[in-house]
Amino acid sequence: TTFNIDSVTVLQRGDIAILAFNTGITTGEDEISFVTLVDLLPGTRIDITDNAYQKCGTPKGWGISEGWIRLERANTVLPKGTIVTVRIDGTGLPSVFSPDPINWIYSKPQPASQGTFNLNNNGEQIFFMSGGNVGGPNATIAASDGGTYTGNFLFGFNTKGNVWTPVCGNVN
């Protein structure tokens, strides 16, 4: 049996701070910037979603019909205090714009049939998590909203004022 004995940073609340986001910096491209308050070792994963928590019909669960993106640090330690800027293209594919884009691995930690990460300029919720996996009883069903996440919740914010209650049928 083989296993990975490499250390990774286990991110906790307060280990990153969101600095800025922009919907549609170019046609269909979004941008998010955050600062790390701890060193990120290679193998550290940050998961970001624009899905709602407790979306209609999913008490204590995550929506999975919108998008999830995963950033994994590769090769070198990212020193605390570093500002990371991520761009997400119109297809939901993320890439680190700054710093050192070659030291990141990008993936979508949800079934391919699920939705696309796309920040809506009419209002959106964005959640940062780490150390887990997206799943749930309906995780393989397209447009399902019965999702789970097994890792640590780090940070969430809403661009639609103080309204956190999801509205059924509302994609924002």
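Counting restarts for each chain: residues are numbered from 1 in the order of the written sequence. With pLDDT at 70 or above as the cut-off, local features in this predicted model cover only qualifying residues; side-chain atom pairs require 80 or more to be listed or tallied, and sums for whole chains, interfaces and linings still use all residues. To obtain the side-chain values, all non-hydrogen atoms of the structure were used and water was disregarded.

Draft legend 1. Examining the sheet that holds strand 3 (residues 45-49) more closely. In this scheme, strands are said to pair when DSSP sees at least two bridges between them. Here a strand is any run of E in DSSP of at least two residues, a helix any run of H or I of at least four, and the numbering for each starts at the N terminus. Strands sit in the order 7-4-3-8-11 across an open sheet of five strands; the sheet is antiparallel. Bordering the open sheet on either side are strand 7 (104-107) and strand 11 (152-158), each of which pairs with just one other strand. Taken pair by pair, the neighbouring strands of this sheet meet at an average axis angle of 20 degrees, ignoring direction. Alignment of strand 8 (residues 125-130) against strand 11, held across six bridges, turns out to be antiparallel. Considered in strand 11, the bridge of methionine 129 is made with phenylalanine 153. Each axis is a line fitted through C-alpha atoms, taken for helices only over the stretch in contact, and angles between the N-to-C directions span 0 to 180 degrees.

Draft legend 2. Molecular detail of the packing of aromatic side chains. Stacked, edge-to-face and tilted labels apply to pairs of Phe, Tyr and Trp rings (six-membered ring for Trp) whose centres lie within 6.5 Å, assigned for plane angles under 30 degrees, over 60, and everything in between, in that order. Inspection of the entire model under this criterion finds five aromatic pairs. Seen from their ring centres, phenylalanine 127 and phenylalanine 153 are 5.9 Å apart, and the 55 degrees between their planes marks the pair as tilted. Here the residue phenylalanine 127 occupies a position in strand 8, and phenylalanine 153 occupies one in strand 11, the gap between them amounting to 26 residues. The rule is simple: take the accessible area with a 1.4 Å probe, protein chains only, and divide by the maximum for that residue type; under 20% is buried, over 50% is exposed, in between is partly exposed. The class for phenylalanine 153 is partly exposed, based on a relative accessible area of 30%.

Draft legend 3. Representation of the pattern of salt bridges in the model. Just to be clear on terms, a salt bridge is a Lys or Arg side-chain nitrogen sitting within 4 Å of an Asp or Glu carboxyl oxygen. Tallied over the entire structure, the rule returns four salt bridges. Across the salt bridge formed by arginine 45 and glutamate 72, the nearest N and O atoms sit 3.3 Å from each other. Here glutamate 72 lies in strand 4 (residues 68-73) and arginine 45 lies in strand 3, a separation of 27 residues in the sequence. Judged by its relative accessible area of 35%, arginine 45 falls in the partly exposed class. Between arginine 70 and aspartate 47 there is a salt bridge, with its nearest N and O atoms 2.6 Å apart. Of this pair, arginine 70 sits in strand 4 while aspartate 47 sits in strand 3, and the two are 23 residues apart along the sequence.

Draft legend 4. Broad picture of the confidence of the model for the protein. Across the chain, each position has a pLDDT score giving the predictor's confidence in that residue, from 0 to 100. Averaged over every residue, the pLDDT of the protein is 81; residues scoring 70 or more account for 77%. When mean pLDDT is taken per element in the protein, strand 5 (residues 83-88) scores highest with 93 and strand 9 (residues 134-135) scores lowest with 78.

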